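What follows is the residue order along each chain.
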Amino acid sequence: MVIGRGIYEEDMTVILAEGTVLDRQMIDSLEGRDVSFVHVRQDVMAVPPAPKDAAVKAALAGAAPKSVDRLDARRMEPVVSMLNIVPEAASPERDAALAEFMQEVADTVDTRSVIRPRSVQSMVKTGVAPQKDASLEAAYVRQYDDLYLNLSMFYEMTRTSGHIDAQAVKMLAQQVLPLCSSAKAITHIYNMETQGDYSMHHSARVAILAGLMGQWLKMQRRDQLRLVIAAVLLDIGSTRIATGFLKKAGCYTKKDRVLMQKHARLGHALVANSPFGTDAQILGAILQHHERNDGSGYPEGLRKEKICDFARILAILDIYDAMASKRAYAKQRSPFDVFEILSDDIIADRLDAGYGLPFIRNICNSLNGNWVRLTNGETGKIVYIDDSRLNALPIVQTVDGAFIDLNTLRTIRVDALLTGREMTH
């Protein structure tokens, strides 16, 4: 087996590089490091060439989908073990794949309105009941809570002093990195119960998404840290706006929106007068993360060629978190509903396809194994997502043992991810 994605320490030191041939000693070492998931190259494994069809057939037969093989660290046989080997499809060059993906997106959008009746192929009773175990690790939650506390203190310190403490920012970025494990981060940050200032939680989650995105884009470690720093500082301009206005409940009026939009320029001015003012990407991200490729954004109405890369990346992460998280004035959306909105913006050339497509694909990979509530009231677990299609919906196994292919059964959708607490009560 050949590793399809690099495996990293919490500080982004490479443990095993992409392309490494996995052997028994390496599996033993990974289990000792508490590495739970490893992506392997599908093109060098004995698996069917059509993963979606194979997964559906396996589901109908009552077997686990081929998208996850479990290997014994001692014998490397397909039996239950702690290490999950997730096949990674051979990836063509990003530029060559972009046109194909965009066509697939357009084809998917054209068929969204199709509704098919429930059938044996859509739902099959298997009698398998999933375990009701909490999905959150206490250690991860504690680390996140520490980040939230320190981030809140940093923003308050900036509000009071009017200056950015560069050392504090670098420490926050280092604190983000351990929370960027692709095997658990997405599940945790959107499942955990949170209290306190929504805007601080938003900044923390966007920073974690930035750390993940840096890994998915295979950035050098230094650039990953720079992207996380930009995410930490993304809304720093809000410290120049009255706290009473920031705590205003409900939707903004037109006048409120004009005032809130000033945070981009205010943040840019703060960062320009800090040690990060010489970094064009960080500085540009603060000013431009609300710009859109078609010129419809703010504050300057720039088009794609004048928007820096960090701003184009963080615009996607900022939008995703705003819609996928719990807010006082709006219902939390399921990630699949957010994917539809993002893909529409990608097709319309408002968001950058070169960054939006890999973001959606990798988030999909992270959602496998998540517990969800469906719009018909049933609870289930995502067992397969075809990440070769941008708008693919999951196959879900319900608590009564049914497998539902939401790509076929369009009358049912994922309503929300479920917290560990909800699954155990």
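In what follows, the structure referred to is the one given above.
Structure report, in brief. (Residues numbered from 1 in each chain as written. Predicted model: local features only at pLDDT ≥ 70, side-chain atom pairs only at ≥ 80, totals over all residues. Heavy atoms only, no water.)

What the chain contains, in helices and strands, is 16 helices and 11 strands. For the chain, with 425 residues in total, the buried portion stands at 50%. The long-range share in the chain, meaning contacts at least 24 apart out of those at least 6 apart in sequence, stands at 66%. (Helix = DSSP H or I, 4+ residues; strand = E, 2+ residues; numbered from the N terminus. Buried < 20%, exposed > 50% of the residue type's maximum accessible area, 1.4 Å probe, protein only. Contact = heavy atoms within 4.5 Å.)

What follows is about the packing of aromatic side chains. Counted according to the given criterion, the structure contains 6 aromatic pairs. Relative to Phe-359, the ring of Trp-216 has its centre 6.3 Å away and its plane inclined at 55°; by these criteria the two rings are tilted. Of this pair, Trp-216 sits in helix α7 (residues 198-216) while Phe-359 is found in helix α15 (residues 353-367), placing the two residues 143 residues apart along the sequence. Considered together, Trp-216 and Phe-359 belong to a single accessibility category, that of buried residues. Ring-pair connections join several aromatic residues into one group, and the members of that group are Tyr-190, Trp-216, Tyr-320, Phe-336, Phe-339 and Phe-359. (Phe/Tyr/Trp six-rings, centres within 6.5 Å; stacked < 30°, edge-to-face > 60°.)

In this sheet, strand β8 (residues 379-384) lies alongside strand β7 (residues 371-374) in antiparallel orientation, the contact comprising 3 bridges. Across the sheet, residue Val-372 finds its bridge partner in β8, namely Gly-380. Turn length for the β7-β8 hairpin, with the two strands adjacent in sequence and antiparallel, is 4 residues, and the turn residue Gly-377 shows positive phi of about 90°. In terms of strand pairing, β7 meets strand β11 (residues 414-417) through 3 bridges, oriented antiparallel. Among the inter-strand pairings, Val-372 is bridged to a residue of β11, identified as Leu-417. (Pairing = 2+ DSSP bridges.)

Among the nonpolar cores identified, the biggest contains 93 residues, and Ile-208, Leu-209, Leu-233, Leu-314, Tyr-320 and Phe-359 are the most heavily contacted of them. If you tally residues by element for this core, the top one is helix α13 (residues 309-324), at 11 residues. Contact partners of Phe-359, with chain neighbours within four places excluded, come to Leu-209, Met-213, Trp-216, Ile-316, Leu-317, Tyr-320 and Leu-342. With 6 residues, the next largest nonpolar core counts Ile-3, Ile-15, Leu-16 and Leu-30 among its residues. (Core = buried A, V, L, I, M, F, W, Y, C linked by side-chain atoms within 4.5 Å.)

For helix α14 (residues 335-347), which comprises 13 residues, the first-to-last C-alpha distance of 18 Å matches the rise-based estimate of 18 Å (1.5 Å per residue) to within 8%. Listing the buried residues of α14 in full gives Pro-335, Phe-336, Val-338, Phe-339, Leu-342, Ser-343, Asp-345 and Ile-346. Taken end-on, α14 shows its buried residues confined to a sector of 165°, consistent with a single buried face. Following α14 by one or two positions, Asp-349 has its phi on the positive side, about 65°. (Expected span 1.5 Å × (residues − 1). Arc of directions from axis to C-beta.)

A few words on unusual backbone geometry. The step from Tyr-298 to Pro-299 runs through a cis peptide bond, and the omega angle for that step is 15°. One non-glycine residue, Lys-218, adopts positive backbone phi at about 55°. With respect to the helices, strands and loops of the structure, Lys-218 is situated in the loop between α7 and α8 (221-232). We classify Lys-218 as partly exposed; its relative accessible area is 49%. At Asp-349, a residue that is not glycine, the phi angle is positive and equals roughly 65°. In this fold, Asp-349 is placed in the loop between α14 and α15.

This part covers helix α5 (residues 166-176). Of the positions making up α5, those classed as buried are Ala-166, Ala-168, Val-169, Leu-172, Ala-173 and Val-176. Down the axis of α5, the smallest arc covering the buried residues is 160°, so these residues share one side. In this structure, the buried side of α5 is in contact with α4 (138-161), α7 and α8. In this structure Asp-165 caps α5, since a side-chain oxygen of it lies 3.1 Å from the backbone nitrogen of Gln-167. (Polar contact = N/O pair within 3.5 Å; in protein donor to acceptor, adjacent residues only side chain to side chain.)

Interaxial distance between α14 and α15 falls to 10 Å at its minimum, and their mutual angle equals 165°. As judged from the angle between their axes, α14 and α15 are roughly antiparallel. Of the two possible hands of crossing, α14 and α15 adopt the one that is left-handed. Contact residues: Pro-335, Phe-336, Phe-339, Leu-342, Ser-343 and Ile-346 in α14; Ala-353, Gly-356, Leu-357, Phe-359, Ile-360, Ile-363, Cys-364 and Leu-367 in α15. Split by residue class, the contact of α14 with α15 holds 12 nonpolar, 2 polar and no charged. (Axes fitted to C-alpha atoms, helices over the stretch in contact; angles between N-to-C directions. Parallel < 35°, antiparallel > 145°, perpendicular 65-115°, else oblique. Left-handed = near helix turned anticlockwise from the far one by under 90°. Nonpolar A, V, L, I, M, F, W, Y, C, P; charged D, E, K, R; others polar.)

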